[in-house]
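Per-entry structural report
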Amino acid sequence: MARLQALAAGMAASLAATLVAPMTAQAADPLGSYAVNDDVCANSAVRSTIKHRFRYQVTHVPQLADVDIVDFYGAYQTRYHPATENSPIARRYCRATARLSDGRDRTVWYLIEYGQGFAGIGDNVEFCVSGFDRWNVYDSHCRVLR
């Protein structure tokens, strides 16, 4: 019984650490909306997720500057792709500027995928900070998330 309780507690902790607060997709035209000021892109849960994952990245990828994101500003939506029959996942693309602990500002490109969190519960956030994608996971200059 104790093992079952420990397993449940561990799964709950993992789930809480990876989920972004539920966010509702706003209706948009089928072609997508561009450069719209957006409360979802500036959501504190999204920013917190990016800060946490960025900290992990700079401590585990060799030869990256040891900095933290201390603030975000100017967050806005660059485009929105609603769920359709051919593409069942709604995606919101965003851009913001992050102030780093070394005083420099960097562009952050990020994507919010609805319903793609841990085990399909909650939403997923993928991000790229300009100059910190050492292994070109998101292609040169964060092209994949633009």
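Residues numbered from 1 in each chain as written. Predicted model: local features only at pLDDT ≥ 70, side-chain atom pairs only at ≥ 80, totals over all residues. Heavy atoms only, no water.

1. Description of the confidence of the model for the chain
Which entries qualify depends on this criterion: How sure the predictor is of each residue is captured by pLDDT, a score from 0 to 100. Contacts between residues were defined by any pair of non-hydrogen atoms, one from each residue, lying within 4.5 Å.
With 74% of its residues at a pLDDT of 70 or more, the chain has an overall mean of 80. Counted against residues more than four places away or in other chains, residues 1–34, with its pLDDT under 50, gives 42 contacts.

2. Re the nonpolar core
A general feature of soluble globular proteins is that nonpolar side chains tend to end up buried together. Inclusion rule: Residues enter a nonpolar core if they are buried and are Ala, Val, Leu, Ile, Met, Phe, Trp, Tyr or Cys, with the set joined through side-chain atoms within 4.5 Å. Relative accessibility under 20% of the residue-type maximum defines a buried residue, over 50% an exposed one, and the middle range a partly exposed one, all with a 1.4 Å probe and only protein chains included. In DSSP terms, a helix is any run of H or I states spanning at least four residues, a strand is any run of E spanning at least two, and both are numbered starting from the N terminus.
In this structure, Ile50, Phe54, Ile69, Val108, Tyr110 and Phe132 are the most contacted members of the largest nonpolar core, which totals 26 residues. Looking at this core, the elements that each hand over two or more residues are helix H2 (44–60), strand S2 (69–81), strand S3 (91–100), strand S4 (105–113) and strand S5 (124–129). Formed by seven residues, the second largest nonpolar core is a distinct cluster that contains Tyr93, Trp109, Leu111 and Cys128.

3. A look at the state of the cysteines
The line we're drawing: Criterion for a disulfide: a pair of cysteine sulfur atoms within 2.5 Å.
Considering all chains together, one arrives at two disulfides under this definition. Disulfide partner of Cys41: Cys94, at an S-S distance of 1.9 Å. One disulfide, between Cys41 and Cys94, carries an S-S torsion of -65° and so falls in the left-handed class. In this pair, Cys41 sits in the loop between strand S1 (36–37) and H2 while Cys94 sits in strand S3, placing the two residues 53 residues apart along the sequence. The exposure class of Cys94 is buried, given its relative accessible area of 0%. A sulfur-sulfur distance of 2.0 Å marks the disulfide that ties Cys128 to Cys142.

4. Section: the packing of aromatic side chains
Applicable threshold: In summary, the pairing rule links any two rings of Phe, Tyr or Trp, Trp by its six-membered ring, whose centres are within 6.5 Å, and it sorts them by plane angle into stacked for under 30 degrees, edge-to-face for over 60 and tilted for everything else. Definition used: whenever NZ (Lys) or CZ (Arg) falls within 6 Å of the ring centre and also within 35 degrees of the ring normal, the charge is taken to sit over that ring.
Taken as a whole, this structure holds one aromatic pair when the rule is applied. Between Phe54 and Phe132, the aromatic rings sit 5.1 Å apart at their centres with planes inclined by 70°, giving edge-to-face as the arrangement. A residue pair is termed long-range when its members are at least 10 positions apart, and Phe54 in helix H2 and Phe132 in the segment after S5 qualify at 78 residues. You'll find Phe54 and Phe132 in the same group, each marked buried. The positively charged end of Arg79 is found above the aromatic ring belonging to Tyr93, 3.9 Å away from the centroid.

5. Topic: the pattern of salt bridges
The following threshold applies: A side-chain nitrogen of Lys or Arg and a carboxyl oxygen of Asp or Glu constitute a salt bridge if their distance falls within 4 Å.
Going through the model one piece at a time under the given rule, you end up with five salt bridges. Among the ionic pairs, Asp66 bridges to Arg55, the shortest N-O distance being 2.8 Å. Of this pair, Asp66 sits in the loop between H2 and S2 while Arg55 sits in helix H2, and the two are 11 residues apart along the sequence. Arg55 sits in the partly exposed class, given a relative accessible area of 29%. Notably, a salt bridge pairs Arg99 with Asp105, separated by 2.4 Å at the nearest N-O pair. Judged by relative accessible area, Asp105 falls into the partly exposed class, the value being 36%. Look at the salt bridges and you will find they share partners, linking Arg55, Asp66 and Asp68 into a network.

6. A closer look at the environment of Thr78
Tracing the backbone shows Thr78 in strand S2. A relative accessible area of 16% places Thr78 in the buried class. Thr78 sits 14 residues away from Arg92 along the chain, and the two C-alpha atoms are 7.9 Å apart.

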